[in-house]
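Okay, here's what each chain looks like letter by letter:
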Amino acid sequence: PARSRSVARAASHSLGAPLHSAPLWRRWRGPVRRPPRGAFLVAAARGSTQTLSLEEMPTAAFLPSLLLLLADRSYATPTTIKLGLEWFLNPDHLPLVVALREGYFAEAGLDVQLLEPADHWEAEEEILAGRLDVAVTETLHLAQDAARGKPVIGFSRFLHTDGGVLFLGSSNISRPSDMCGRTISYPGSPGIGGPAIVQTMVEADGGSCDIASYGKHNGGFYHVKALQDKAAAVATLVFYNFEVIEAQQMGLRPGFFSLKEWGVPDFCQLVLFTTPQRLQALRPQLRQLVLAMRRATGLIKREPARAARIYEQHVKGSAAAAGTTNRSALAKVGAALSGAAAMVNPVAAMRRRKERKLEAAIFDATLAALPNDNSLSGAYFQGLMAWLVKTGQVDAQVGPELLPEGYWTNDIAL
């Protein structure tokens, strides 16, 4: 379906462009932000027609007004945080969207700009070049980049979904050892990553398999399509809250082996990272960023229906502001034609209802993947790095010497 994570990840956008032209359900834009706390009272103080010197103003009257003025964040110039998303905006980024839409970032003195990659970017290079301040990545990629000597440091986790291997009921697979020698669809094929995951699961299930026996298919993030087309028997680097839900909604009888249940480190977690230099320069602001996102996560968990409305309103707002590029103009025309077709074509109307049902199911599954705890332990990263070394994904001379505190800190999250 057009509204799967794979479509969001496969779309193309201008490097560093604001979120204007992503697929409609991926985009977010909100109403005017609420004024900072105390703003109305401060406005009343500003509106006084009486002019008094400090000596003439009674202390009892002056101090409350001074405190209100100091509390009014609108007097301070907000700090701009350019935050690069991993691929394209989708429900995984909900805490960022809610914090932006509800004005939590603004109240914290931050002007957060969510930016999408044109295709794929080396985010640490964008940070070093000053085009980004912070970016989203997965713990797997953070550890791999650190082992390659890149200047990266993660500081806050905000999504923890169930990642693993997807297969369909027609594949004659019932347990991990059945995957031995089968064709794997995974982004980055023909690299070692996909076979490393599947081979680890096979061995955890007691199987024995030559790692060279696996077929490799690069279906990108179109995991479900690769299985439907029988281009592969299994697909990995799958997020349960997207691809498994998508396959369920399509009636494909999906099966799923979870990383954490079959010997693979639980790395399908999204984190924020930057460079050590930017971390030091923006430490207080990054703490406020994390607190605002934590506040947004609380709202999402307490009021999921409200979070869904924020989501929908942001989509509509982004569509309305979809701007000036030919691509966005074509997208708007296409959406209009699709809507018109649905009004006169019952088949199109039914397809749209199925799409809405899928969107709702993905949204609901994502809510359960938003953690309250933004920290990660050193032991977690040690286990992840040990697995990367064992499976040949990281240099055996480098990985064991790389301490987690060199590329992850809990100082800001805690």
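In this text the structure is predicted, and so the values were computed from the model without any measurement.

**A look at the packing of aromatic side chains**
- What the rule picks out here adds up to eight aromatic pairs.
- Consider the rings of Tyr240 and Phe256, whose centres lie 5.3 Å apart with planes at 75 degrees: the pair is edge-to-face. Of this pair, Tyr240 sits in helix H10 (residues 240–249) while Phe256 sits in strand S9 (residues 254–258), and the two are 16 residues apart along the sequence.
- Ring geometry for Tyr380 against Phe381: centres 5.1 Å apart, planes inclined by 75 degrees, an arrangement best described as edge-to-face.
- For Tyr380, a relative accessible area of 17% puts it in the buried group.
- The class of Phe381 is buried, set by a relative accessible area of 0%.
- Aromatic rings pair up to connect Tyr380, Phe381, Tyr407 and Trp408 into one cluster.

**Some thoughts on the pairing of strand S3 (residues 134–138)**
- In terms of burial, S3 is largely enclosed, as five of its five residues are buried.
- A two-sided burial pattern is seen for S3, the buried positions comprising Val134, Val136 and Glu138 on one face and Ala135 and Thr137 on the other.
- As paired strands, strand S1 (residues 79–84) and S3 are joined by two bridges and run parallel to one another. What sits directly across from Leu83, in S3, is Val134.

**Quick look at the environment of Val165**
- Mapped onto the fold, Val165 is located in strand S5 (residues 163–168).
- Using a relative accessible area of 0% as the deciding quantity, one classes Val165 as buried.
- The contact partners of Val165, leaving out residues within four places of it in the chain, are Met179, Ile197, Val198, Met201, Val234, Ala235, Thr236, Gly255, Phe256 and Phe257.

**Things to note about the state of the cysteines**
- Under the counting rule described, the total for this entry stands at one disulfide.
- Between the sulfur of Cys180 and that of Cys209 lies a disulfide, 2.0 Å long from S to S. Since a negative S-S torsion denotes a left-handed disulfide, the Cys180-Cys209 link at about 95 degrees is right-handed. Remark: Cys209 occurs in the loop between helix H8 (193–204) and strand S7 (215–217) and Cys180 occurs in the loop between S5 and strand S6 (183–185); sequence separation between them is 29 residues.
- Given the relative accessible area of 30%, Cys180 is considered partly exposed.
- By relative accessible area, Cys209 is classed as buried at 13%.

Definitions and limits used
- Residues numbered from 1 in each chain as written.
- Predicted model: local features only at pLDDT ≥ 70, side-chain atom pairs only at ≥ 80, totals over all residues.
- Heavy atoms only, no water.
- Phe/Tyr/Trp six-rings, centres within 6.5 Å; stacked < 30°, edge-to-face > 60°.
- Helix = DSSP H or I, 4+ residues; strand = E, 2+ residues; numbered from the N terminus.
- Buried < 20%, exposed > 50% of the residue type's maximum accessible area, 1.4 Å probe, protein only.
- Pairing = 2+ DSSP bridges.
- Contact = heavy atoms within 4.5 Å.
- Disulfide = S-S within 2.5 Å.

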